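# Fold and contact review
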Amino acid sequence: MGWKGILGFDYGIVQGPLGPDISGPELVAAVANGGGIGLLRAPDWESPDYLRELIRKTRSLTDKPFGVGVVLAFPHEENIKAILDEKVAVLQVCWGEFPGELVLKAHQAGVKVVHQVGSFEAAKKAIHAGVDALIVQGLEAGGHVLGQDGLMALLPRVVDLVGGRDIPVIASGGIVDERGYVAALALGAQGICLGTRFLATEESYAHPVYKRKLIELDETGYTNIFGRARWPGAPQRVLKTHFFNDRGHLPEHENEVDQPVIGRTTIHCMEREIRLFAGTVPNVTTTGDIESMAMYAGQGVGLIKEIIPAAQVVKRLVEGAQLLIKQKFLAETV
Ligand SMILES: Cc1cc2nc3c(=O)[nH]c(=O)nc-3n(C[C@H](O)[C@H](O)[C@H](O)COP(=O)(O)O)c2cc1C
(Lines give C-alpha, C1' and ligand atoms only; values in the text may rest on other atoms or scores of the structure.)
Protein backbone atom coordinates (compact mmCIF):
# COMPACT_ATOMS: atom_id res chain seq x y z
CA MET A 1 0.00 0.00 0.00
CA GLY A 2 1.06 3.56 -0.63
CA TRP A 3 1.81 4.50 2.97
CA LYS A 4 4.62 2.00 3.06
CA GLY A 5 8.16 3.20 2.66
CA ILE A 6 9.85 4.60 -0.40
CA LEU A 7 13.55 4.93 -1.22
CA GLY A 8 14.45 2.60 1.65
CA PHE A 9 12.72 4.69 4.34
CA ASP A 10 10.03 3.36 6.66
CA TYR A 11 7.37 5.75 5.31
CA GLY A 12 6.73 7.81 2.21
CA ILE A 13 6.52 11.03 4.20
CA VAL A 14 8.97 13.76 3.34
CA GLN A 15 9.72 16.84 5.41
CA GLY A 16 10.44 19.46 2.75
CA PRO A 17 13.71 21.34 3.25
CA LEU A 18 12.82 24.62 4.92
CA GLY A 19 14.97 27.59 4.08
CA PRO A 20 16.57 29.69 5.21
CA ASP A 21 17.83 27.68 8.19
CA ILE A 22 14.46 26.42 9.49
CA SER A 23 14.95 22.66 9.04
CA GLY A 24 18.05 22.04 11.13
CA PRO A 25 19.45 18.86 12.71
CA GLU A 26 16.80 18.66 15.47
CA LEU A 27 13.85 18.69 13.06
CA VAL A 28 15.49 16.40 10.53
CA ALA A 29 16.55 13.89 13.20
CA ALA A 30 13.06 13.95 14.73
CA VAL A 31 11.48 13.18 11.36
CA ALA A 32 14.07 10.48 10.67
CA ASN A 33 13.50 8.90 14.09
CA GLY A 34 9.78 8.90 13.30
CA GLY A 35 10.43 6.92 10.11
CA GLY A 36 10.00 9.81 7.64
CA ILE A 37 12.42 11.43 5.22
CA GLY A 38 13.91 14.49 6.91
CA LEU A 39 15.78 17.02 4.77
CA LEU A 40 18.34 19.54 5.96
CA ARG A 41 18.55 22.74 3.94
CA ALA A 42 22.00 23.60 2.53
CA PRO A 43 23.09 27.26 2.75
CA ASP A 44 22.49 29.44 -0.33
CA TRP A 45 26.24 29.97 -0.62
CA GLU A 46 29.16 27.57 -0.83
CA SER A 47 29.88 26.39 2.69
CA PRO A 48 30.90 22.72 2.48
CA ASP A 49 32.60 22.52 5.89
CA TYR A 50 29.61 24.01 7.64
CA LEU A 51 27.32 21.63 5.76
CA ARG A 52 29.45 18.67 6.88
CA GLU A 53 29.03 19.90 10.45
CA LEU A 54 25.24 20.06 10.01
CA ILE A 55 25.23 16.51 8.64
CA ARG A 56 27.41 15.23 11.49
CA LYS A 57 25.27 16.97 14.09
CA THR A 58 22.19 15.32 12.61
CA ARG A 59 23.97 11.96 12.70
CA SER A 60 24.64 12.50 16.40
CA LEU A 61 20.87 12.75 16.92
CA THR A 62 19.71 9.83 14.78
CA ASP A 63 20.97 6.52 13.42
CA LYS A 64 18.38 6.69 10.64
CA PRO A 65 19.00 7.91 7.11
CA PHE A 66 18.13 11.48 6.07
CA GLY A 67 18.87 13.92 3.26
CA VAL A 68 19.83 17.46 2.30
CA GLY A 69 17.99 19.93 0.05
CA VAL A 70 19.86 22.21 -2.34
CA VAL A 71 18.34 25.17 -4.18
CA LEU A 72 20.04 25.09 -7.59
CA ALA A 73 19.38 28.81 -8.19
CA PHE A 74 22.22 29.61 -5.75
CA PRO A 75 25.92 28.58 -5.68
CA HIS A 76 25.99 24.88 -4.79
CA GLU A 77 28.79 22.86 -6.44
CA GLU A 78 31.01 22.57 -3.35
CA ASN A 79 27.99 21.94 -1.15
CA ILE A 80 26.87 19.06 -3.35
CA LYS A 81 30.40 17.62 -3.25
CA ALA A 82 30.22 17.64 0.55
CA ILE A 83 26.79 15.98 0.47
CA LEU A 84 28.08 13.21 -1.79
CA ASP A 85 31.26 12.78 0.30
CA GLU A 86 29.15 12.43 3.42
CA LYS A 87 26.96 9.89 1.62
CA VAL A 88 23.65 11.07 3.05
CA ALA A 89 20.73 8.99 1.84
CA VAL A 90 19.04 11.63 -0.31
CA LEU A 91 19.99 14.75 -2.23
CA GLN A 92 16.87 16.85 -2.89
CA VAL A 93 17.17 19.55 -5.56
CA CYS A 94 14.86 22.23 -6.91
CA TRP A 95 14.78 25.50 -8.84
CA GLY A 96 16.98 24.41 -11.74
CA GLU A 97 17.98 21.55 -13.94
CA PHE A 98 20.01 18.69 -12.54
CA PRO A 99 21.61 16.90 -15.50
CA GLY A 100 22.11 13.17 -15.91
CA GLU A 101 25.89 13.35 -15.29
CA LEU A 102 25.29 14.79 -11.84
CA VAL A 103 22.61 12.21 -11.06
CA LEU A 104 25.14 9.54 -12.07
CA LYS A 105 27.77 11.07 -9.76
CA ALA A 106 25.30 10.99 -6.89
CA HIS A 107 24.48 7.37 -7.64
CA GLN A 108 28.17 6.48 -7.71
CA ALA A 109 28.39 7.94 -4.19
CA GLY A 110 25.35 5.90 -3.12
CA VAL A 111 23.12 8.99 -2.82
CA LYS A 112 19.59 9.02 -4.22
CA VAL A 113 18.39 12.11 -6.10
CA VAL A 114 14.93 13.54 -5.53
CA HIS A 115 13.96 16.46 -7.76
CA GLN A 116 11.15 18.81 -6.73
CA VAL A 117 9.34 20.05 -9.86
CA GLY A 118 6.36 22.31 -10.49
CA SER A 119 5.43 21.45 -14.06
CA PHE A 120 4.95 18.58 -16.47
CA GLU A 121 7.91 19.77 -18.58
CA ALA A 122 10.25 19.91 -15.59
CA ALA A 123 9.13 16.40 -14.58
CA LYS A 124 10.00 15.14 -18.08
CA LYS A 125 13.54 16.54 -17.83
CA ALA A 126 14.08 15.11 -14.35
CA ILE A 127 12.90 11.66 -15.46
CA HIS A 128 15.23 11.87 -18.45
CA ALA A 129 18.11 12.75 -16.11
CA GLY A 130 17.48 9.54 -14.18
CA VAL A 131 16.29 10.82 -10.80
CA ASP A 132 15.19 8.33 -8.12
CA ALA A 133 11.98 10.14 -7.17
CA LEU A 134 10.01 13.23 -8.08
CA ILE A 135 8.36 15.67 -5.72
CA VAL A 136 5.49 17.31 -7.59
CA GLN A 137 4.77 20.72 -6.10
CA GLY A 138 1.36 22.30 -6.68
CA LEU A 139 0.40 25.96 -6.55
CA GLU A 140 -1.01 25.35 -3.06
CA ALA A 141 2.49 25.01 -1.61
CA GLY A 142 4.05 27.28 0.98
CA GLY A 143 7.36 29.01 0.34
CA HIS A 144 8.64 29.60 -3.19
CA VAL A 145 6.22 28.22 -5.72
CA LEU A 146 7.68 26.62 -8.83
CA GLY A 147 4.69 26.44 -11.17
CA GLN A 148 1.16 27.46 -11.94
CA ASP A 149 -0.77 24.20 -11.72
CA GLY A 150 -2.76 22.94 -8.79
CA LEU A 151 -1.69 19.58 -7.38
CA MET A 152 -5.00 17.88 -8.22
CA ALA A 153 -4.44 18.37 -11.96
CA LEU A 154 -0.64 18.17 -12.18
CA LEU A 155 0.00 15.13 -10.00
CA PRO A 156 -1.91 12.48 -12.02
CA ARG A 157 -0.38 13.81 -15.24
CA VAL A 158 3.09 13.27 -13.82
CA VAL A 159 2.07 9.85 -12.48
CA ASP A 160 1.00 8.89 -16.01
CA LEU A 161 4.22 10.29 -17.42
CA VAL A 162 6.28 8.17 -15.03
CA GLY A 163 4.22 5.14 -16.06
CA GLY A 164 5.86 1.80 -15.23
CA ARG A 165 9.24 3.29 -14.26
CA ASP A 166 10.42 2.71 -10.70
CA ILE A 167 10.30 6.42 -9.79
CA PRO A 168 8.09 7.19 -6.79
CA VAL A 169 6.02 10.34 -7.25
CA ILE A 170 5.67 12.43 -4.09
CA ALA A 171 2.83 14.96 -3.77
CA SER A 172 3.57 18.39 -2.31
CA GLY A 173 1.43 21.44 -1.58
CA GLY A 174 -1.40 22.01 0.87
CA ILE A 175 -1.19 18.57 2.50
CA VAL A 176 -1.50 18.66 6.27
CA ASP A 177 -3.38 15.61 7.50
CA GLU A 178 -4.42 12.06 6.59
CA ARG A 179 -7.16 13.28 4.26
CA GLY A 180 -4.65 15.03 2.06
CA TYR A 181 -2.40 11.99 2.27
CA VAL A 182 -5.10 9.57 1.13
CA ALA A 183 -6.19 11.98 -1.63
CA ALA A 184 -2.59 12.10 -2.89
CA LEU A 185 -2.44 8.30 -2.89
CA ALA A 186 -5.68 8.20 -4.86
CA LEU A 187 -4.13 10.53 -7.44
CA GLY A 188 -1.29 8.05 -7.86
CA ALA A 189 1.39 9.39 -5.53
CA GLN A 190 3.46 7.00 -3.45
CA GLY A 191 4.50 9.60 -0.93
CA ILE A 192 3.82 13.12 0.31
CA CYS A 193 6.04 16.10 1.08
CA LEU A 194 4.93 18.59 3.72
CA GLY A 195 6.52 21.94 4.47
CA THR A 196 4.08 24.03 6.48
CA ARG A 197 2.99 21.16 8.76
CA PHE A 198 6.65 20.51 9.71
CA LEU A 199 7.27 24.24 10.14
CA ALA A 200 4.64 24.16 12.89
CA THR A 201 6.45 21.56 15.01
CA GLU A 202 8.38 21.79 18.25
CA GLU A 203 11.71 21.06 16.57
CA SER A 204 11.55 23.54 13.67
CA TYR A 205 13.71 26.66 13.95
CA ALA A 206 10.80 28.96 13.03
CA HIS A 207 10.49 31.96 15.38
CA PRO A 208 7.84 31.48 18.12
CA VAL A 209 5.79 34.38 16.70
CA TYR A 210 5.84 32.73 13.25
CA LYS A 211 4.70 29.44 14.80
CA ARG A 212 1.90 31.24 16.65
CA LYS A 213 0.72 32.87 13.41
CA LEU A 214 0.61 29.47 11.71
CA ILE A 215 -1.92 28.42 14.34
CA GLU A 216 -3.89 31.70 14.42
CA LEU A 217 -4.16 32.51 10.72
CA ASP A 218 -5.95 30.54 8.01
CA GLU A 219 -5.38 32.39 4.74
CA THR A 220 -2.43 32.62 2.39
CA GLY A 221 -1.55 34.81 -0.58
CA TYR A 222 0.48 34.13 -3.74
CA THR A 223 2.79 37.09 -4.26
CA ASN A 224 6.17 38.31 -5.47
CA ILE A 225 6.75 41.19 -3.07
CA PHE A 226 9.36 39.47 -0.90
CA GLY A 227 13.03 39.06 -1.77
CA ARG A 228 12.75 40.31 -5.35
CA ALA A 229 16.36 41.52 -5.55
CA ARG A 230 17.93 38.46 -3.98
CA TRP A 231 15.86 35.90 -5.84
CA PRO A 232 14.08 37.38 -8.88
CA GLY A 233 11.35 35.41 -10.62
CA ALA A 234 10.55 33.27 -7.59
CA PRO A 235 7.00 33.95 -6.37
CA GLN A 236 6.01 32.91 -2.87
CA ARG A 237 3.00 31.73 -0.95
CA VAL A 238 2.82 33.53 2.40
CA LEU A 239 0.54 33.91 5.38
CA LYS A 240 -1.93 36.78 5.13
CA THR A 241 -0.64 38.58 8.20
CA HIS A 242 -1.73 42.10 9.23
CA PHE A 243 1.38 43.38 7.50
CA PHE A 244 0.58 41.51 4.28
CA ASN A 245 -3.05 42.65 4.25
CA ASP A 246 -2.37 46.31 5.15
CA ARG A 247 1.06 47.08 3.71
CA GLY A 248 1.88 44.17 1.42
CA HIS A 249 2.18 46.16 -1.79
CA LEU A 250 5.39 47.02 -3.60
CA PRO A 251 5.53 48.68 -7.05
CA GLU A 252 7.06 46.33 -9.65
CA HIS A 253 10.24 48.43 -10.05
CA GLU A 254 11.05 48.38 -6.31
CA ASN A 255 12.61 45.70 -4.15
CA GLU A 256 13.96 45.08 -0.66
CA VAL A 257 17.35 46.71 -1.25
CA ASP A 258 16.23 50.30 -0.64
CA GLN A 259 13.90 49.48 2.22
CA PRO A 260 14.60 50.15 5.90
CA VAL A 261 16.26 47.55 8.12
CA ILE A 262 13.62 45.98 10.37
CA GLY A 263 15.61 43.28 12.12
CA ARG A 264 18.61 41.01 12.37
CA THR A 265 19.04 37.28 12.06
CA THR A 266 21.61 34.50 11.96
CA ILE A 267 21.35 32.07 9.04
CA HIS A 268 23.72 29.12 9.09
CA CYS A 269 26.01 31.01 11.51
CA MET A 270 26.10 34.15 9.31
CA GLU A 271 24.68 37.37 10.76
CA ARG A 272 22.38 39.27 8.43
CA GLU A 273 20.25 42.41 8.42
CA ILE A 274 16.62 41.96 7.42
CA ARG A 275 15.11 44.72 5.34
CA LEU A 276 11.42 45.28 4.83
CA PHE A 277 10.21 43.04 1.98
CA ALA A 278 13.19 40.69 2.33
CA GLY A 279 12.44 37.04 1.64
CA THR A 280 13.95 35.97 4.96
CA VAL A 281 11.40 34.26 7.19
CA PRO A 282 12.04 34.72 10.93
CA ASN A 283 13.93 31.87 12.59
CA VAL A 284 14.69 31.45 16.31
CA THR A 285 17.60 33.88 16.16
CA THR A 286 15.67 36.71 14.50
CA THR A 287 15.10 39.99 16.37
CA GLY A 288 13.23 43.15 15.38
CA ASP A 289 9.83 43.73 13.82
CA ILE A 290 8.98 40.03 13.38
CA GLU A 291 5.36 40.71 12.46
CA SER A 292 6.38 42.66 9.34
CA MET A 293 8.57 39.87 7.97
CA ALA A 294 7.66 37.33 5.27
CA MET A 295 6.00 34.20 6.68
CA TYR A 296 5.75 31.40 4.13
CA ALA A 297 2.85 28.97 4.44
CA GLY A 298 0.83 26.65 2.23
CA GLN A 299 -2.91 26.67 1.63
CA GLY A 300 -3.44 23.91 4.18
CA VAL A 301 -2.35 26.17 7.05
CA GLY A 302 -5.95 26.64 8.21
CA LEU A 303 -5.97 22.96 9.18
CA ILE A 304 -3.06 23.34 11.60
CA LYS A 305 -4.30 23.86 15.15
CA GLU A 306 -1.32 22.98 17.34
CA ILE A 307 2.44 22.82 17.50
CA ILE A 308 3.38 19.17 17.98
CA PRO A 309 6.57 17.09 17.85
CA ALA A 310 7.61 16.24 14.29
CA ALA A 311 7.49 12.49 14.92
CA GLN A 312 3.83 12.93 15.90
CA VAL A 313 3.14 14.48 12.50
CA VAL A 314 4.53 11.38 10.81
CA LYS A 315 2.71 8.98 13.15
CA ARG A 316 -0.65 10.74 12.80
CA LEU A 317 -0.37 10.77 9.00
CA VAL A 318 0.48 7.08 8.76
CA GLU A 319 -2.03 5.83 11.33
CA GLY A 320 -4.70 8.28 10.19
CA ALA A 321 -4.35 7.26 6.55
CA GLN A 322 -4.54 3.57 7.37
CA LEU A 323 -7.67 4.11 9.45
CA LEU A 324 -9.29 6.39 6.90
CA ILE A 325 -8.77 3.89 4.10
CA LYS A 326 -10.08 1.06 6.25
CA GLN A 327 -13.15 2.93 7.49
CA LYS A 328 -14.13 4.96 4.45
CA PHE A 329 -13.11 2.85 1.52
CA LEU A 330 -12.38 -0.78 2.34
CA ALA A 331 -15.54 -1.16 4.47
CA GLU A 332 -17.69 -0.20 1.48
CA THR A 333 -16.08 -2.67 -0.91
CA VAL A 334 -16.57 -5.82 1.20
C1 LIG B 1 9.19 28.08 5.20
C2 LIG B 1 9.34 27.26 3.97
C3 LIG B 1 10.59 27.15 3.39
C4 LIG B 1 10.77 26.34 2.25
N5 LIG B 1 12.03 26.21 1.73
C6 LIG B 1 12.25 25.33 0.72
C7 LIG B 1 13.56 25.07 0.25
O8 LIG B 1 14.53 25.63 0.72
N9 LIG B 1 13.72 24.16 -0.75
C10 LIG B 1 12.65 23.49 -1.29
O11 LIG B 1 12.84 22.64 -2.17
N12 LIG B 1 11.39 23.75 -0.90
C13 LIG B 1 11.17 24.63 0.10
N14 LIG B 1 9.89 24.86 0.55
C15 LIG B 1 8.77 24.21 -0.16
C16 LIG B 1 8.57 22.78 0.31
O17 LIG B 1 9.59 21.94 -0.17
C18 LIG B 1 7.23 22.22 -0.20
O19 LIG B 1 7.16 22.27 -1.61
C20 LIG B 1 6.04 22.97 0.35
O21 LIG B 1 6.25 23.37 1.67
C22 LIG B 1 4.80 22.09 0.25
O23 LIG B 1 3.66 22.82 0.57
P24 LIG B 1 3.07 22.94 2.05
O25 LIG B 1 3.89 24.01 2.71
O26 LIG B 1 1.67 23.35 1.82
O27 LIG B 1 3.23 21.62 2.73
C28 LIG B 1 9.67 25.67 1.67
C29 LIG B 1 8.41 25.81 2.25
C30 LIG B 1 8.23 26.58 3.38
C31 LIG B 1 6.85 26.66 3.99
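Please read all numbers here as calculations on a predicted model, not as lab measurements.

## Concerning the packing of helix α2 (residues 48–61) against helix α3 (residues 77–86)
The interhelical angle for the contact between α2 and α3, taken along N-to-C directions, is 35 degrees, at an axis separation of 8 Å. Note on packing geometry: the crossing formed by α2 with α3 is right-handed. Of the residues in α3, those in contact with Pro 48, Leu 51, Arg 52 and Ile 55 of α2 are Glu 78, Asn 79, Lys 81, Ala 82, Ile 83 and Glu 86. Tallied by class, the residues present in the contact of α2 with α3 amount to five nonpolar, one polar and four charged.

## Notes on the sheet that holds strand β11 (residues 236–239)
The pairing of strands in a sheet happens through backbone hydrogen bonds and is either parallel or antiparallel. An order of β7-β11-β10 is seen for the three strands of this open sheet, with the pairing classed as antiparallel. Taken across any chain shown, the strands that pair with only one partner, and hence form the sheet edges, are β7 (143–144) and β10 (220–223). Taken together, the four bridges between β10 and β11 define a ladder with antiparallel strand orientation. The residue of β11 that forms the bridge with Tyr 222 is Arg 237.

## Considerations on the nonpolar core
Counting residues in each nonpolar core, the largest one holds 100 residues, and the members touching the most others are Leu 91, Leu 134, Val 136, Ile 170 and Ile 192. Counting only domains with at least three residues in this core, you end up with domain 1 (13–203 + 305–333) and domain 2 (208–301). Those residues within four positions of Leu 91 in sequence are excluded, and the remaining contacts are Gly 67, Val 68, Val 70, Ile 80, Ile 83, Ala 106, Val 111 and Val 113.

## Quick word on the packing of helix α1 (residues 25–33) against α2
Interaxial distance between α1 and α2 falls to 9 Å at its minimum, and their mutual angle equals 45 degrees. The angle between the axes of α1 and α2 places the two elements in the oblique class. Handedness of the α1/α2 crossing: right-handed. For the pair formed by α1 and α2, the contact residues are Pro 25, Glu 26, Val 28 and Ala 29 on the first element and Leu 54, Lys 57, Thr 58 and Leu 61 on the second. Of the residues assigned to the contact of α1 with α2, the class counts are five nonpolar, one polar and two charged.

## A closer look at helix α7 (residues 178–186)
Each α-helix winds once per 3.6 residues, and so residues spaced three or four apart point in a common direction. Listed as buried for α7 are Gly 180, Tyr 181, Val 182 and Ala 184. Gly 188 lies just past α7 and shows a positive phi near 110 degrees.

## Examining unusual backbone geometry
Residue Gly 19 is joined to Pro 20 through a cis peptide bond whose omega torsion reads -15 degrees. If you trace the backbone, Pro 20 turns up in the loop between β1 (13–15) and α1. We note that His 268 has phi near 45 degrees; this positive angle belongs to a residue other than glycine. Topologically, His 268 is positioned in the loop between β12 (261–267) and β13 (270–275). When the 19 C-beta atoms within 10 Å are taken as the criterion, His 268 is described as partly exposed. For Cys 269, which is not glycine, the phi dihedral falls at a positive 70 degrees. A tally of 12 C-beta atoms within 10 Å means that Cys 269 is categorised as exposed.

## Notes on the site of the ligand
Residues in close proximity to the ligand total 30 residues, the closest being Gly 16, Gly 142, Gly 143, Gly 195 and Gly 298. Here the shell around the ligand gets three residues from one element, more than from any other, and that element is helix α8 (residues 196–199). Tallied by class, the residues present in the shell around the ligand amount to 13 nonpolar, 14 polar and three charged. Split by domain, the residues of the shell around the ligand number at least three in each of domain 1 (13–203 + 305–333) and domain 2 (208–301).

## Quick word on the pairing of β11
Two strands pair when backbone bridges link them, and β7 and β11 are joined in this way by two bridges, in the antiparallel orientation. Bridging across to β11, His 144 finds its partner in Gln 236.

## Digging into the domain arrangement of the chain
The domains assigned to the chain are domain 1 (13–203 + 305–333) and domain 2 (208–301). The straight-line distance from the C-alpha centre of domain 1 to that of domain 2 is 23 Å. Taken together, the contacts link 25 residues of domain 1 with 21 residues of domain 2. Of all the elements in the fold, those that place two or more residues in the side of domain 1 that touches domain 2 are β7 and α8.

Thresholds, definitions, all that
- Within each chain, residues carry numbers counting from 1 in the order of the written sequence.
- At least 70 in pLDDT is required for a residue's local features to be given in this predicted model, at least 80 for side-chain atom pairs to be given and counted, and no such filter applies to totals for whole chains, interfaces and linings, which use all residues.
- Only the contacting stretch of a helix is used when fitting its axis, a line to C-alpha atoms as for every element, and angles between N-to-C directions run 0 to 180 degrees.
- In this description a helix means any DSSP run of H or I spanning at least four residues, a strand means any run of E spanning at least two, and both kinds are numbered starting from the N terminus.
- Crossings are assigned a handedness: left-handed for a near helix turned anticlockwise from the far helix by less than a right angle, right-handed for a clockwise turn.
- Residues are defined as contacting one another if the C-beta atoms placed from their backbone atoms lie within 7 Å.
- Any residue that is not Ala, Val, Leu, Ile, Met, Phe, Trp, Tyr, Cys, Pro, Asp, Glu, Lys or Arg is counted as polar, Gly included; the first ten are nonpolar and the last four charged.
- When DSSP locates at least two bridges between a pair of strands, those strands are taken to pair.
- We define the nonpolar core as any set of buried residues of the types Ala, Val, Leu, Ile, Met, Phe, Trp, Tyr and Cys, connected via C-beta atoms lying within 7 Å of each other.
- Three exposure classes are used, all based on how many other C-beta atoms lie within 10 Å of a residue's own C-beta (placed from the backbone): buried at 20 or more, exposed at 12 or fewer, and partly exposed between those limits.
- Where each domain starts and ends follows an automatic or database-derived domain assignment.
- An angle below 35 degrees is treated as roughly parallel, one above 145 as roughly antiparallel, one from 65 to 115 as roughly perpendicular, and anything else as oblique.
- All residues are tested the same way: a C-beta atom is placed from the backbone, and lying within 6 Å of a molecule or strand makes the residue near it.

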